[in-house]
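An overview of the molecular structure
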Number of protein chains: 2
Amino acid sequence: MRSAADLVDRLTLVVPDFPEPGVLFRDLTPTLADAEALRTITDELVAAFAGGFDLVAGIEARGFLLGAAAAYAAGTGVVAVRKAGKLPPQTLIEHYELEYGVAALEIRADQLAPGTRVLVLDDVLATGGTVEATCALLERTGAVVAGVGVVLELADLGGRARLEGRRVHAIRLV
Amino acid sequence: MRSAADLVDRLTLVVPDFPEPGVLFRDLTPTLADAEALRTITDELVAAFAGGFDLVAGIEARGFLLGAAAAYAAGTGVVAVRKAGKLPPQTLIEHYELEYGVAALEIRADQLAPGTRVLVLDDVLATGGTVEATCALLERTGAVVAGVGVVLELADLGGRARLEGRRVHAIRLV
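In short, a report on the structure.

Cut-off values and rules
- Residues numbered from 1 in each chain as written.
- Chains lettered and ligands numbered in written order.
- Predicted model: local features only at pLDDT ≥ 70, side-chain atom pairs only at ≥ 80, totals over all residues.
- Heavy atoms only, no water.
- Contact = heavy atoms within 4.5 Å.
- Buried area = accessible area lost by both parts, 1.4 Å probe.
- Polar contact = N/O pair within 3.5 Å; in protein donor to acceptor, adjacent residues only side chain to side chain.
- Helix = DSSP H or I, 4+ residues; strand = E, 2+ residues; numbered from the N terminus.
- Phe/Tyr/Trp six-rings, centres within 6.5 Å; stacked < 30°, edge-to-face > 60°.
- Buried < 20%, exposed > 50% of the residue type's maximum accessible area, 1.4 Å probe, protein only.
- Lys NZ or Arg CZ within 6 Å of the ring centre and 35° of its normal.
- Pairing = 2+ DSSP bridges.
- Axes fitted to C-alpha atoms, helices over the stretch in contact; angles between N-to-C directions.
- Parallel < 35°, antiparallel > 145°, perpendicular 65-115°, else oblique.
- Nonpolar A, V, L, I, M, F, W, Y, C, P; charged D, E, K, R; others polar.
- Least-squares fit on C-alpha atoms with pLDDT ≥ 70 in both.
- Expected span 1.5 Å × (residues − 1).

Some thoughts on the interface of chain A and chain B
If you look at the interface, chain A gives 41 residues, while chain B gives 41 residues. Between chain A and chain B, the buried area comes to about 3200 Å², and carbon and sulfur atoms account for 68% of it. Linking chain A with chain B are 10 residue pairs in polar contact (both at pLDDT 80 or more). For the side of chain A that touches chain B, the elements supplying multiple residues, two or more each, are β1 (13-16), β2 (24-27), α2 (29-32), α3 (35-48), α4 (62-74) and β4 (77-83) of chain A. A per-element tally of the side of chain A that touches chain B places α4 of chain A first, with 8 residues.

What follows is the structure, encoded as structure tokens:
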């Protein structure tokens with residue numbers, strides 16, 4: 001049986017200068033389009049935090065793919081952490097900087113009971129800004145961040161240091 | 001046991017005048033944040049097309065949630081049908097009109113072997129423009145659309161007629 005990391009290496013597309021010159025883009029869509037890889041990656045992310053979470057948060061848009069698969073696998077729901085302007089009021093909003101630009105994320109606070117243990121999932125951990133903003137949003141509702149799971153961690157960009165004190169599981173460090 | 005339709009009725013948020021005046025927005029994010037609803041909805045969509053598909057297509061962004069959960073449940077991969085500009089080249093692109101505006105969707109053709117039977121999933125079937133564009137994209141690659149599954153179908157907007165000849169399963173008609 002191939003490991004999740006092996007499947008990620010074999011299937012992920014590495015594209016230079018996308019979406020801007022100087023950025024090395026890693027496209028996980030071919031990886032998630034593979035049945036074995038989707039199952040193996042999802043199972044590893046769930047197993048890494050098994051029993052420790054009540055809900056999964058998926059970060060728009062690619063984190064929705066991992067978040068929903070993991071929620072189904074773990075028998076929880078999935079809360080959508082959305083880009084600003086997509087959710088009807090009332091929302092909580094958090095602004096942040098990302099690898100190439102600025103952005104904002106929103107959630108609906110009424111989807112989270114205080115004390116809910118939430119596993120945060122996204123495809124790639126780069127500078128950590130997106131994940132950090134997501135954790136801040138969740139904690140503003142009274143939820144507890146159970147951990148952070150990603151498929152790829154870009155080690156040079158310092159995301160892990162920014163999430164110091166949090167439990168982080170990356171399937172593949174590059 | 002509550003049916004998927006019952007859970008959708010109970011949990012879905014109906015918001016008038018969002019994102020524009022005159023639009024009645026149905027927010028399924030609270031529904032998918034509920035463990036029982038996520039499982040029941042996903043299982044019904046998979047069961048409706050059981051054995052008839054090899055791959056699931058999820059339409060960005062809310063269709064990613066359903067697409068990935070269904071792909072995991074069915075043991076297939078999930079292909080991401082993305083808004084224009086998100087995927088690295090080379091892509092196929094399809095322009096279309098939607099309920100309030102115009103848009104374009106893209107996929108990477110190299111994720112689909114000819115003859116692959118693809119189940120198209122999205123949250124809401126409204127005018128059918130988004131789903132029709134998705135089916136057109138998939139068929140341009142040589143794939144076969146096995147069917148279309150949605151959580152909510154807005155009957156007054158004519159999406160079903162636009163998809164005539166296709167197998168469509170909606171959990172709830174409103």
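Some remarks on the packing of aromatic side chains
Applying the stated criterion across every chain, the model contains 3 aromatic pairs over all chains. Their ring planes at 80° and their centres at 5.0 Å tell us that Phe18 of chain A and Phe25 of chain A sit as a pair that is edge-to-face. Note on accessibility: Phe18 of chain A and Phe25 of chain A belong to one class, buried. Arranged with centres 6.3 Å apart and planes meeting at 55°, the rings of Tyr72 of chain A and Tyr72 of chain B form a pair that is tilted. Of this pair, Tyr72 of chain A sits in helix α4 while Tyr72 of chain B sits in helix α4 (residues 62-74), each in a different chain. Residues Tyr72 of chain A and Tyr72 of chain B agree in their burial class; the two are buried. Seen from the ring of Tyr72 of chain B, Arg39 of chain A lies directly overhead, with NZ or CZ sitting 4.3 Å from the centre.

Considerations on the sheet that holds strand β6 (residues 101-107) of chain B
All names here are of chain B. Pairing within the open sheet is mixed, and its 7 strands lie in the order β5-β6-β4-β3-β7-β8-β9. The open sheet has two edge strands, β5 (92-98) and β9 (168-173), and neither has a second partner. This sheet shows a mean twist of 25° between the axes of neighbouring strands, independent of strand direction. Along the sheet, helix α3 (residues 35-48) contacts β7 (117-125), β8 (144-153) and β9; its crossing angle with β9, the most-contacted strand, is approximately 150°.

Topic: unusual backbone geometry
Residues and elements named next belong to chain A. The omega torsion across Phe18 and Pro19 is -5°, close enough to zero to call that bond cis. Tracing the backbone shows Pro19 in the loop between β1 and β2. Cis geometry marks the peptide bond from Pro89 to Gln90; its omega dihedral reads 5°. Position of Gln90 relative to the elements: it lies in the loop between β4 and β5 (92-98). The backbone of Asp17 sits at a positive phi, close to 60°, despite the residue not being glycine.

Here's the deal with the packing of α3 of chain A against α4 of chain B
Packed helix pairs are specified by the crossing angle of their axes together with the interaxial distance, meaning the distance between the axes. In the contact formed by α3 of chain A and α4 of chain B, the axes pass within 9 Å of each other and the chain directions differ by 100°. On the basis of their axis angle, the class for α3 of chain A and α4 of chain B is roughly perpendicular. Contacts between α3 of chain A and α4 of chain B involve Leu38, Arg39, Thr42 and Asp43 of chain A from the former and Ala68, Ala71 and Tyr72 of chain B from the latter. Residue classes in the contact of α3 of chain A with α4 of chain B are distributed as 4 nonpolar, 1 polar and 2 charged.

Things to note about the relation of the copies chain A and chain B
Superposing chain A onto chain B requires a rotation of 180° together with a translation of 0.0 Å along the rotation axis, leaving an RMSD of 0.0 Å. Considering both components of the superposition, the chain copies are consistent with a two-fold axis. Relative to the rotation axis, the C-alpha of Ala69 of chain A is the closest in chain A, positioned 2.2 Å from it. When the interface residues of chain A are mapped onto chain B, 100% of them again fall at the interface, so both copies present the same face.

Comments concerning helix α5 (residues 129-140) of chain B
Helical geometry: 3.6 residues make up each α-helical turn, so side chains three or four residues apart lie on a common side. Residue and element names in this part refer to chain B. Helix length check: α5, at 12 residues, gives a terminal C-alpha distance of 16 Å against a target of 16 Å (1.5 Å per residue), a fit within 8%. Within α5, burial applies to Gly129, Thr130, Val131, Ala133, Thr134, Cys135, Leu137 and Leu138. The positive-phi residue at the C-terminal boundary of α5 is Gly142, with phi of around 95°.

A short note on the sheet that holds strand β9 (residues 168-173) of chain A
All names here are of chain A. If you trace the 7 strands from one edge of the open sheet to the other, you get β5-β6-β4-β3-β7-β8-β9, paired in mixed fashion. In the strand order of this sheet, the two ends are held by β5 and β9, each with one partner. Across the sheet, the mean angle separating the axes of adjacent strands is 25° when strand polarity is ignored. Bridge count for β5 against strand β6 (residues 101-107) is 7 bridges, and the pairing is antiparallel. Counted as the bridge partner of Tyr96 is Ala103 from β6. Each of β8 (144-153) and β9 touches helix α1 (residues 4-11); the most contacted strand, β9, lies at about 50° to it. Contacting β3 (55-59), β4, β5, β6, β7 (117-125) and β8, helix α5 (residues 129-140) runs over the sheet at an angle of about 160° to β5.

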